[in-house]
Amino acid sequence: MTVYVDADACPVKQIVVQQAKVRGIAVVMLTDTSHVLHEDYAQVITVPKGRDSVDFRLVTLVHRGDIVVTQDIGVAAMVLGKGARCINQNGFVYTNSNIDMLLYTRHENSRARRSGHYTAVPPRTKQDDEAFRRAFCAMLDKIQEGETT
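Remember, predicted model here, so these are calculated numbers, not experimental data. Residue positions are given per chain, counting from 1 as you read along its sequence in written order. With pLDDT at 70 or above as the cut-off, local features in this predicted model cover only qualifying residues; side-chain atom pairs require 80 or more to be listed or tallied, and sums for whole chains, interfaces and linings still use all residues. Hydrogen atoms and water are omitted, and side-chain values are computed over all heavy atoms in the structure.

### Observations regarding the packing of aromatic side chains
Put simply, the test is: Two aromatic rings, drawn from Phe, Tyr or Trp (for Trp, its six-membered ring), form a pair once their centres lie within 6.5 Å of each other, and the interplanar angle then sorts them: stacked below 30 degrees, edge-to-face above 60, tilted otherwise. Per the convention used, a helix needs a DSSP run of H or I reaching at least four residues, while a strand needs a run of E reaching at least two, with both numbered from the N terminus. Accessible area is worked out with a 1.4 Å probe on protein chains only. A residue is then buried under 20% of its type maximum, exposed over 50%, and partly exposed in between.
Throughout the structure, instances matching the rule amount to two aromatic pairs. Seen in terms of ring centroids, phenylalanine 132 and phenylalanine 136 are 5.3 Å apart; in terms of plane orientation they differ by 15 degrees. Their pairing is stacked. Here phenylalanine 136 and phenylalanine 132 lie together in helix α5 (residues 126-144), a separation of four residues that amounts to about one turn. Like phenylalanine 136, phenylalanine 132 is buried.

This is how it looks when you write it as structure tokens:
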């Protein structure tokens, strides 16, 4: 098992590394050339800058049983299709049961933005980090206990 992180603008990289390192789990962080990322424990893969270049490379690397950390619902859908687990930076776990509704909501939100409707994203809090840490640790614990779904 490997944890893959869609690392461009990911606020929980250090939590991922900390928890994976304690458990001896490999971490791969993917970023594009517009970001500089140095990490001692994780492997860092830098891809050429381009629309969705990190996303496509991440999806090609992921295998069944891996974990992906991303806020991109499209990436989540693709990695779920490959049998990987997926979680966002707030601790929300993407599943085969919720991904269709999330994709639909993403589509509707995109339509609303094209018509001029925008919503503000609230600032990140310590509670957001803690929610991610708890959900990520629970996911890792379930996998290490042998749970397959």
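### Considerations on the nonpolar core
For the record, the criterion: The definition of a nonpolar core used throughout is a set of buried Ala, Val, Leu, Ile, Met, Phe, Trp, Tyr and Cys residues joined through side-chain atoms within 4.5 Å. Should any heavy atoms of two residues lie within 4.5 Å, those residues are counted as being in contact.
The biggest cluster of nonpolar side chains holds 23 residues, and the ones touching the most others in it are Val3, Val5, Val16, Val69 and Phe136. Going through the elements one at a time, β1 (2-6), α1 (13-23), β2 (26-32), β4 (67-69) and α5 are the ones with two or more residues in this core. No other element matches α5, which puts six residues into this core. If near-sequence neighbours (up to four positions away) are discounted, phenylalanine 136 is found in contact with Val3, Val16, Gln19, Ile67, Val69 and Ile87. Grouped together as the second largest cluster of nonpolar side chains are 20 residues, Val28, Val62, Ile73 and Ala76 included.

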